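Listed here are the chains, written in short residue letters.
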Amino acid sequence: DTEVTQTPKHLVMGMTNKKSLKCEQHMGHRAMYWYKQKAKKPPELMFVYSYEKLSINESVPSRFSPECPNSSLLNLHLHALQPEDSALYLCASSQEQEGDGNGYTFGSGTRLTVV
Amino acid sequence: GQNIDQPTEMTATEGAIVQINCTYQTSGFNGLFWYQQHAGEAPTFLSYNVLDGLEEKGRFSSFLSRSKGYSYLLLKELQMKDSASYLCAPVSPTPGGSYIPTFGRGTSLIVHP
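Residues numbered from 1 in each chain as written. Chains lettered and ligands numbered in written order. Predicted model: local features only at pLDDT ≥ 70, side-chain atom pairs only at ≥ 80, totals over all residues. Heavy atoms only, no water.

K.L.:
Whenever I open this one, the overall build of chain B confuses me. Can you help?
P.N.:
Across its full length, chain B holds zero helices and 11 strands. The secondary structure elements of chain B, listed N-terminal to C-terminal, are β-β-β-β-β-β-β-β-β-β-β. Here the C-alpha radius of gyration of chain B, 14 Å, is about what a compact globule of 113 residues would show, namely 13 Å. Its C-alpha atoms give chain B principal-axis dimensions of roughly 45 × 30 × 20 Å. (Helix = DSSP H or I, 4+ residues; strand = E, 2+ residues; numbered from the N terminus. Rg over C-alpha atoms; globule rule 2.2 N^0.38 Å.)

K.L.:
Got a minute to help me understand unusual backbone geometry in this structure?
P.N.:
Excluding glycine, residues mostly carry a negative phi; peptide bonds, for their part, are mostly trans. All names here are of chain A. Between Thr7 and the following residue, Pro8, the backbone shows a cis peptide bond with an omega angle of -10 degrees. Despite not being glycine, Lys40 shows a phi value in the positive range, around 60 degrees. Counting through the fold element by element, Lys40 comes out in the loop between strand E4 (31–37) and strand E5 (44–50). With a relative accessible area of 82%, Lys40 lands in the exposed category. Even without being glycine, Glu52 reaches a positive phi, approximately 70 degrees. Position of Glu52 among the secondary structure elements: in the loop between E5 and strand E6 (53–57). (Buried < 20%, exposed > 50% of the residue type's maximum accessible area, 1.4 Å probe, protein only.)

The following block contains the structure:
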């Protein structure tokens with residue numbers, strides 16, 4: 001298995017809702033990432049987990065809450081989001097946090113719309 | 001911080017060769033990635049350069065000059081399916097000391113018949 005699987009693929013939520021994005025990989029990668037990508041913009045790093053511990057939080061608002069239940073799973077819990085949070089949310093993984101010549105493997109993303 | 005510059009858009013003809021340039025200014029450097037991203041899809045890894053010189057991988061090659069803060073992606077024998085955004089991503093240290101790639105805004109390549 002050489003994929004990163006993200007669910008759901010599309011999500012529409014209200015500003016008072018609570019929802020979660022899920023990401024799964026079975027490549028034995030020890031680093032996992034959440035990125036946010038707005039239309040026609042590059043992916044922006046949000047969080048990095050290394051060996052199931054949060055190692056980087058890029059000053060993300062607390063309405064986004066990451067969780068790494070085990071080495072294969074990464075969740076992003078969403079609460080009280082704003083319409084400007086609408087974006088494509090990408091999960092990625094790599095062998096180690098520092099990366100190597102194989103780069104990051106990205107999931108296909110969750111397209112989130114906040115109404 | 002980082003300053004990454006690549007052209008916004010390029011067009012080329014099927015079968016031709018195109019070179020996408022990227023210049024960067026980083027405080028610390030540990031290699032550079034190129035990714036391809038089709039509209040609405042995830043980025044896919046193309047290449048990684050950590051030393052100066054040219055890395056060739058099939059129709060795609062990537063070049064790095066660390067002293068000049070410069071890289072390019074060379075695409076040969078262009079195909080229609082190569083129409084996509086190409087993201088340059090130099091790797092540099094975060095304030096915490098980890099090395100993480102930062103993505104440039106991407107170059108949208110349009111291949112026409």
